[in-house]
Amino acid sequence: MKQRIYKINLDRIGITASTLCAIHCAALPFLITVLPLWGIGFLANEWVEITMIALSLVIGIWSLSSAYRKQHRRIMPILVLVTGFVCIAFGHFSGIELLEPILIPIGGLTIAAAHYINLRMLKTCPLDNQLHQ
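Reading the values: rules and limits
Just so you know, the residues in each chain are numbered from 1, in the order the chain's sequence is written. Local features in this predicted model are restricted to residues of pLDDT 70 or higher, and side-chain atom pairs are both shown and tallied only at a pLDDT of 80 or more, whereas totals for entire chains, interfaces and linings draw on every residue. Computation of side-chain values: all heavy atoms of the structure, hydrogens and water removed. Numbered from the N terminus, helices here are DSSP runs of H or I no shorter than four residues, and strands are runs of E no shorter than two. For every residue, the accessible area (1.4 Å probe, protein chains only) is compared with the maximum for its type, and the residue is labelled buried under 20%, exposed over 50%, or partly exposed between those bounds. Residue contacts follow a heavy-atom distance rule, with two residues in contact if any of their heavy atoms lie within 4.5 Å. Only the protein chains shown count as cover for residues, and all accessible areas are computed by the Shrake-Rupley method using a 1.4 Å probe. Known as pLDDT, the predictor's per-residue confidence is scaled from 0 to 100. Note that patches include only residues with greater than 30% relative accessible area and no salt bridge, and the join distances are 9 Å for like charges and 5 Å for nonpolar side chains (Val, Leu, Ile, Met, Phe, Trp, Tyr). Whenever Lys or Arg places a side-chain nitrogen within 4 Å of a carboxyl oxygen from Asp or Glu, that contact is recorded as a salt bridge.

Topic: the overall build of the protein chain
Secondary structure summary: the protein chain contains six helices and zero strands in total. Secondary structure elements of the protein chain, listed N to C terminal, follow the sequence α-α-α-α-α-α. Counting only residues that meet the buried cut, the protein chain has 36% of its 133 residues in that class. Looking at the protein chain alone, contacts between residues at least 24 apart form 70% of all its contacts between residues at least 6 apart. For the protein chain, the exposed surface amounts to about 8,500 Å²; the carbon and sulfur share of it is 70%.

Next comes the structure, spelled out in structure tokens:
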């Protein structure tokens, strides 16, 4: 009987966290008035947003740098990740309120795309195929 070894896939967690961040940031301007009525007003708190950004950053750096060093040696996922965080940082810290609801969701989806690209590249690595089967 074949024993299955389960490994935490940081790219899948990163895709999920980044996509949730993008949805949160895109929907927040529309939902801000009803969140307190639903008892989830804390989602409009700036610290929740910063925590989500930090979590995505930590997961992204950890996952993509590890895959780069140990397996595929391709810089593309890291460049896409950096592009996503530049969008988020500029949208969040520029002070231009019009750009925030546009750039932050784009940044979140770009970060999710970086993880997806990384997953695709890992599937082409012989070492990765042996670890995840």
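Points about the confidence of the model for the protein chain
Low pLDDT marks regions whose predicted coordinates should not be analysed in detail. Within the protein chain, residue pLDDT values average 80, and 73% of them lie at 70 or more. Ranking the helices and strands of the protein chain by mean pLDDT puts helix H4 (residues 76-93) first, with 94, and helix H6 (residues 126-131) last, with 50.

Some points on a nonpolar patch on the surface
The grouping of Ile-75, Met-76 and Leu-79 at the surface amounts to a nonpolar patch, some 280 Å² of accessible area in total. Counting through the fold element by element, Leu-79 comes out in helix H4. Note on Leu-79: relative accessible area 48%, which makes it partly exposed.

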